[in-house]
Amino acid sequence: MNSYVVKTPKGLNSAIVTQISEQKNEPGWMTDFRLRALEIFEKKPMPTWGADLSELNIHDLHYYLKPIEKLERSWENVPDSIKTTFERLGIPQAERSYLAGVGAQYESEVVYKSLKSFWAQKGVLFLDTSSGLREYPELFKKYFSTVIPPHDNKFAALNSAVWSGGSFVYVPASVQIDMPLQAYFRINAVSMGQFERTLIIAEPGSSVHYVEGCSAPVYASNSLHSAVVELIAHENSKIKYTTIQNWSTNVYNLVTKRALAYRNATVSWIDGNFGSKVTMKYPAVILKEPGAKAEIMSIAVAGKGQHQDAGAKVIHLAPNTSSTIVAKSISKEGGRSSYRGLLKVAKGAQKVHARVQCDALMMDSHSRSDTYPTVESAENAVDLGHEASVSKLDDEHLFYAMSRGLNGAQARAMIVNGFIEPFVNQLPMEYAVEINRLITMEMEGSIG
Amino acid sequence: MVNDVFPFQDSAKINDPHNNQLIVEKGQKLFVIDEQSSSHQATEVIVHDYAHLTLVYDQKSEATCLESNYRFELGAQAKVTLFILLPTSEQCTFKADIALQKSGAEVDVYGLYVVKGQQKVELLIQQRHLAPNTRSNVVIKGILLDESKTSFNGTIAIAPLAHNSNAVLQNKNLVLSQAARAVSKPCLEVLADAVQCKHGTAIGSLDEEHLFYLHARGFSEKNAQKILLHAFVQDVLAHIPDQAIKAYWQKRVSSCF
Amino acid sequence: MLKIDRLSVSVFDSYIIKNLTLHVPPQSLHVLMGPNGSGKSTLSYALAGHPRYTMQAQELLFLDQDFVSLSPDKRAQRGFFLAVQNPPEIPGVNVFQFLKEAHAACTGKNSEVKKFQEEVESYLKLLRLDPSFLQRSLYENFSGGEKKRLELLQLLVLKPKFALLDEIDSGLDIDALAIVSCAVALFRHENPQSSLLVITHNPQVARLLKPDRVHILYQGSLACSGGADLIDDLELKGYDELIRR
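Please read these numbers as outputs of a predicted model, since none were measured by experiment.

Each value, and the rule that gives it
- Residues numbered from 1 in each chain as written.
- Chains lettered and ligands numbered in written order.
- Predicted model: local features only at pLDDT ≥ 70, side-chain atom pairs only at ≥ 80, totals over all residues.
- Heavy atoms only, no water.
- Helix = DSSP H or I, 4+ residues; strand = E, 2+ residues; numbered from the N terminus.
- Buried < 20%, exposed > 50% of the residue type's maximum accessible area, 1.4 Å probe, protein only.
- Contact = heavy atoms within 4.5 Å.
- Areas by Shrake-Rupley, 256 points an atom, 1.4 Å probe, with all protein chains shown as cover.
- Expected span 1.5 Å × (residues − 1).
- Polar contact = N/O pair within 3.5 Å; in protein donor to acceptor, adjacent residues only side chain to side chain.
- Axes fitted to C-alpha atoms, helices over the stretch in contact; angles between N-to-C directions.
- Parallel < 35°, antiparallel > 145°, perpendicular 65-115°, else oblique.
- Left-handed = near helix turned anticlockwise from the far one by under 90°.
- Pairing = 2+ DSSP bridges.
- Buried area = accessible area lost by both parts, 1.4 Å probe.
- Salt bridge = Lys/Arg side-chain N within 4 Å of Asp/Glu carboxyl O.
- Nonpolar A, V, L, I, M, F, W, Y, C, P; charged D, E, K, R; others polar.
- pLDDT = per-residue confidence, 0-100.

Digging into the overall build of chain B
The helix and strand inventory of chain B stands at three helices and 14 strands. Principal-axis analysis of the C-alpha atoms places the extent of chain B at approximately 55 × 40 × 40 Å. Counting all 257 residues of chain B, 54% fall into the buried class. Of the contacts made within chain B by residues no fewer than 6 positions apart, 80% connect residues no fewer than 24 positions apart. For chain B, the accessible area works out to roughly 10700 Å², and carbon and sulfur atoms hold 50% of it.

Below is the structure:
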């Protein structure tokens, strides 16, 4: 295992930001962009709403680590519980070490190379973000930071200053990519992830499904993960972005994700939050032109010591647009799950149809569930509805499942898997299987 | 800016000069009508064990700006039925903080706002379940015309010891003009598990399918709209115990078209 | 098979079943009838182990083993099956997956998916259900007839040693009743050692099933028991007169 390391000292200042930019050989405009973002970050106060960030000391972190530096553990030091989880979830052997933060290169080069040439034939670009900047500078500059500018919020400013890693995806007009883009990047995205910056552009008539993350718990040495994801869906295109997050429970996961949807375009966010100590994430879609559609499906499981503060935002700027938000959450063993959402119809956006459905399951009396939605309309010819419910597992359902021979834990697992079925249905098969197994394990662990 | 929309909910505060107190003694049954004469009013209502209170807040004051703060404390098996009928003033803020403090307490709140011209209404309601076996049901309907603006903030808060609580919150808004604007923020904060909580909110206009059906049965456009408006407010007005007040509000709804 | 000796069932200190004694031997089919409110469903839920009910009995044996202390899943694993009157809608739980899991839990065998599917589909034909039925969510948006048929499908797939069918016929039309009687006949044919206790209101259905014994439950106690001719008696006289006798 290689052990050379590039690591900036703790804390953040313009010298460190400049060093990051130099390490990556970036053009002058990007360096300036980073430095301006740093100023904005320093000026903005911490958010006073959302989850409790008081224990996050932003000055006590390293802001740049070359990927290989993260591989600090040896397999012997990986906790047994994690090893068992990998087994139970059926994670392929080749992936286990990498996910556990141990060395070993994932033998994906072969797979990746053949996919790369397949995409190249169609004109599809799928690279890490730094390579995207380097190899396609004009295209990159045209779209970069147009959806989420640095002043959007404090953590978007932070990401703008120190971003590293992430994906740059460009799909030419009328190209439909059938298989989800994941493969190589499943591992890659998971191990880096600290300040990823992802940019996806779908030209008119194209479609793409991007999948990131992993259901197995991922060891992360660094406790702050602040990513930015920008999607641009041009006329008649479709972008589906699936995330499964199961960061270790020392991580603050603060993400800004937003999409612009143009005429008749559809953007779907499929968001699964299982891990981290604190997650604050509200995937958003701005429906800019008539016929645009947003679908946001999110689930959050908050266990002991966790706060999942997740939700969705849809802003209807144009008439004849529609959106659906389905948010499901499970709180157990003292965990807290909060839904925070915005459904907004601007002036001029007539004939809008929007539905929000939030369902929360409380598994015990120590846990907490919150819902904080806002529904706002500046137009009248609209149909906006929001509904939320909080309940525990229905005793009648449990009895019925047990009367068919399932024991307590099996009955709970079956019903909870049924509860999240609309989400799991949207995932590629192998993820769906892993999530079901993950829930089964979580139910066995929880106090019934 | 889209990021302005997530402030924490404020709890209703009583911090103004006109303080009233209403006490309903143990086992007592009381019916009260409050038309609010002053521009600012704060009222503390204590409903003791087994008491029943029906309170109709039927705003009549002509003042430009009206504010009313209510705080309710319910004892064991106490029951409160509250009607909130607004507005008369140009700008009005109504806050109700309802604490179900002992087991068996129940509250039903029926609210209606019919807003015209440049009127602005702000309505804040908190249903706080602090004891087990408590029930709350809040149904608020709004009809918005002209250039009116309304903002509804509702919170259901269930404390850890409030097992077997049942809480429902509904806010539905019919926006009948293009310039009117409605905002609704219903919130849930649940810290106990054996509960049933639901909330729902809707903003929209009269259903076109329903309008068509009525036209096809021979109703004129105006009559069809009136029928649907009345249907919309039915589950609030039907419960009003005072016939004169009920009739007044039915007329007010009719006059929307 | 099922030996109940002086069973009382209560909910929050209120007694619904009082001192009931009932024996259902192996290979037999008994029918239990009684007016509304007599306690028939209470008896079924209590025997299945529903936590709402408290049981006290001189003796309650299933397959000669004590039953009272067992949780519902353990009772099911021993071979006790209850077809409920109003099955719950459990969204997102796939019918086929549910059947497979229940089958594995009750029989202790994990059969191969394809083989299991074929077996299930053969029963679907008898029950006049489309194979697409298996992909639906458990009881979600099911008609009354479909609900009963899924309970019967479980009876045939799980092959219990003892089945208690609580008003499996209620709300069904004549064609559907014929299906019920066929399904019960097939079950008995495939599981000759098993017994059934069928709860019904309907004398015609009771007769169709050709019971070995008929019991009448009235206000929580067994008012009388007899052969199949008790059904004719009941039809002629009605509950009140029959019980007065």
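Quick look at the side chain of Ser28 of chain C
All names here are of chain C. The residue Ser28 is located in the loop between strand S2 (14–24) and strand S3 (29–33) in this model. When its relative accessible area of 6% is taken as the criterion, Ser28 is described as buried. Once residues within four sequence positions are removed from consideration, Ser28 is found in contact with Arg188, Ser194, Ser195, Leu196 and Asp212.

Comments concerning helix H3 (residues 95–107) of chain C
Taking 1.5 Å of rise per residue, the 13 residues of H3 of chain C would be expected to cover 18 Å, and the 18 Å separating its terminal C-alpha atoms lies within 8% of that figure. When H3 of chain C is considered as a whole, its buried residues turn out to be Val95, Phe96, Phe98, Leu99, Lys100, Ala102, His103, Ala105 and Cys106 of chain C. Buried positions along H3 of chain C lie against helix H10 (395–402) and helix H11 (408–419) of chain A together with helix H2 (72–78), helix H4 (113–126) and helix H5 (144–158) of chain C. Its side-chain oxygen at 3.0 Å from the backbone nitrogen of Phe96 of chain C, Asn94 of chain C defines the N-terminal cap of H3 of chain C.

Focus: the packing of helix H2 (residues 28–43) of chain A against helix H8 (residues 154–162) of chain A
Pairs of packed helices are described in terms of their axes, by the angle between the two and the distance that separates them. Residue and element names in this part refer to chain A. With their axes 7 Å apart at the nearest point, H2 and H8 run at an angle of 150° to one another. Our classification of the angle between H2 and H8 gives roughly antiparallel. As for the relative orientation of H2 and H8, their crossing is left-handed in sense. Contact with H2, carried on its side by Phe33, Arg34, Ala37, Leu38, Ile40, Phe41 and Glu42, involves Lys154, Ala157, Leu158, Ser160, Ala161 and Val162 of H8 and no other residues of that element.

A short note on the sheet that holds strand S5 (residues 65–66) of chain C
Residue and element names in this part refer to chain C. With respect to topology, four strands assemble into an open sheet ordered S2-S1-S4-S5, the strand pairing being antiparallel. Among the strands making up the open sheet, the edge pair consists of S2 and S5. Of the pairings in the sheet, the one linking strand S1 (residues 2–11) to S2 comprises seven bridges and is antiparallel in character. Each bridged residue has a counterpart across the sheet, and for Val11 the counterpart in S2 is Ser14.

So, the arrangement of the chains
Most contacts, among the two pairs of chains that meet, fall between chains A and B. Over all C-alpha pairs, chain B and chain C never come within contact, reaching a minimum spacing of 15 Å.

Brief notes about the interface of chain A and chain C
Note: interface size is frequently given as the accessible area lost on complex formation between the parts. Counting from both sides, the interface comprises 16 residues of chain A and, opposite them, 31 residues of chain C. Buried area between chain A and chain C, both sides added, is near 1800 Å², and the carbon and sulfur share of it is 68%. When the buried area of chain A at its contact with chain C is split by residue, Phe399, Tyr400 and Arg404 of chain A rank highest and sum to 41% of it. In this assembly, chain A and chain C are joined by two salt bridges. When the shortest N-O distance is used, the salt bridge between Arg52 of chain C and Glu396 of chain A registers 2.9 Å. Here chain A and chain C share 11 residue pairs in polar contact (both at pLDDT 80 or more) between them. At the level of secondary structure, the elements contributing two or more residues to the side of chain A that touches chain C comprise H10 and H11 of chain A. In terms of residue class, the side of chain A that touches chain C is built from seven nonpolar, six polar and three charged.

Notes on the confidence of the model for chain C
Keep in mind that low pLDDT regions are not for reading the predicted coordinates in detail. Across chain C, pLDDT averages 89, with 100% of residues at or above 70. Reported for the predicted complex are a pTM of 0.81 and an ipTM of 0.80.

What about the side chain of Glu167 of chain C?
Residues and elements named next belong to chain C. Relative to the elements of secondary structure, Glu167 occurs in the loop between strand S7 (162–166) and helix H6 (174–190). Note on Glu167: relative accessible area 6%, which makes it buried. Beyond its immediate stretch of four places on either side in the chain, Glu167 contacts Lys40, Gln85, Lys148, Ile199 and His201.

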